[in-house]
Amino acid sequence: MVILKNATLIQFDPPLVAAGQDVVIKDSEIIEVGSNAGNKYQSGAAEVIDLKGNYLLPGIVCSHNHFYSGLARGIMAAIKPCPDFVSILKNLWWRLDRAIDQEILYYSGLISSLEAVKAGTTAVIDHHASPSLIKGSLNILKKAFTETGLRGITCFEVTDRNGLEQLREGVEENIEFAAEVEASWKSGGEACLVEAMIGGHAPFTLPDEGLELLSGAVAQSGRGLHLHLGEGTFDGSHSHLYHGKDLVQRLNDFNLLNEKTIVVHGLYITENDIKLLNDNDCYLVHNPRSNMNNSIGYNQHLARVKNVALGTDGIGSNMFEELKFAYFKHKDSAGPLWPDTFLKFLQNGNDLLERNFGLRFGRIEKGYQADLVVYDYQPPTPLVADNLAGHMVFGMGSDSVKTVIINGKIVYRDRQFPFDTDSIYRKARSAAKRLWDNMDSEAAHV
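What this report covers is the structure whose coordinates are included nearby. What you see is a predicted model; the values in this text were computed from it and never measured. (Residues numbered from 1 in each chain as written. Predicted model: local features only at pLDDT ≥ 70, side-chain atom pairs only at ≥ 80, totals over all residues. Heavy atoms only, no water.)

## As for the pairing of strand β2 (residues 15-26)
One face of the sheet, then the other: side chains in a regular strand alternate in exactly this way.
Point 1. Note: strand β1 (residues 2-12) against β2, eight bridges, orientation antiparallel. Among the inter-strand pairings, Ile10 is bridged to a residue of β2, identified as Val17.
Point 2. Relative to strand β3 (residues 29-34), β2 runs antiparallel, the two sharing five bridges. From the neighbouring strand, Ile25 faces β3, where its bridge partner is Ile30. (Pairing = 2+ DSSP bridges. Helix = DSSP H or I, 4+ residues; strand = E, 2+ residues; numbered from the N terminus.)

## Some words on the sheet that holds strand β9 (residues 194-196)
Point 1. Across the sheet, four strands lie side by side as β6-β7-β8-β9; this open sheet has parallel pairing. The open sheet terminates on both sides in strands that have one partner only, identified here as β6 (60-65) and β9. Adjacent strand axes in the sheet meet at a mean angle of 15°, parallel and antiparallel pairs treated alike.
Point 2. By the bridge criterion, four bridges tie β6 to strand β7 (residues 121-126) in an arrangement that is parallel. Directly across from Ile60, in β7, lies its bridge partner Thr121. (Axes fitted to C-alpha atoms, helices over the stretch in contact; angles between N-to-C directions.)

## A look at unusual backbone geometry
Point 1. Look at the link from Asp13 to Pro14: it is a cis peptide, with omega at -5°.
Point 2. Tracing the sequence through the fold places Pro14 in the loop between β1 and β2.
Point 3. Not every positive phi belongs to a glycine, and Asp281 is a case in point at roughly 60°.
Point 4. Examined against the element boundaries, Asp281 turns out to sit in the loop between α8 (271-279) and β13 (283-286).
Point 5. Phi angles above zero are rare outside glycine, and Ala334 is one such case at about 60°.
Point 6. Mapped onto the secondary structure, Ala334 falls in the loop between α10 (319-332) and α11 (339-357).
Point 7. Look at Ala334 and you get exposed, because its relative accessible area is 68%. (Buried < 20%, exposed > 50% of the residue type's maximum accessible area, 1.4 Å probe, protein only.)

This is how it looks when you write it as structure tokens:
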């Protein structure tokens, strides 16, 4: 049992700022919250921590990421000019994912997990691709999650871009991993931190056979679909040319839309697509920094989509930064939404966790999972519920993350991990160099 005393609680939706609160944690769950609530538990507590008025935030979720790109920062490989989005995929990302082996993937996942925790992100919904390493790849990522204590959901990105045989192998990796997670949950194993989804790349690399197999995997596993959609104009054009349908309509025809479905980006979708997403209670994950980096335009649909969450699409896991970019880019595009709406989008990542884990997340209340962030921000102006979103957008950042608790365990204390990270970063730099060399070696033989 851990007791956090004298905390100033922050909750995002509805906004709350409440000083002088105790939070009592038993195993992975919050069992009591209130003024002096910890007093009656002190004799049985393993640790009592006086937060001295520091803020205590609920868990923060990155709702879409690519941990396989964790070693791409500052990449030095020969990348051809990329005049459009499909060229970026072909010349950079599809070369990178083919260059991944076991060691590269492990350190990519490990570094990505460490940096998520340091930024106050307690859970990441990952979308994985490594065509040269399909079988067992999701377990490598699970190992990275569990070694750092980060909560996560992952899946394998099914695609036909390397042939139908690899497409089928990708589906099988999703099914096998979901079955292993299910078995581990039932046995009380480490999968309490990790869940599974069923992954797909984007509809333009998924023929009808692929969607049929994904539909079967969703039905068999009980997990939701997680795929890119409408990231560029090509995706919708391809769907109309070869299938005569809107993008989301095509997914709906294969029974792939439900409350666990995540579609990512969704810049270029139709009004009927939006209606289908809303009617089926699906989520759209908005990734503003990635959209800007790839010059694909701005998503004008956010105000009309029922469920929106925020992700990074592989640009780290710092959700304080992503929240700011999401709001400022929206205002730069003459959008109508205000900071409180974007704070709700950030909070919605916890709703996605609830839908997939079947537990309660995102509030500092009795019965919720103890995924928490101790935050030592010094506000230069009063911080109250009514202006919380303004502080989040215009001031608060990951530099104030002090301690991170996930699943009831302190995984990052006073800005330190409980294990050496220097050697991890050193080995990651070596793996990154080999990844970049692999990319150039492949290009030389094409």
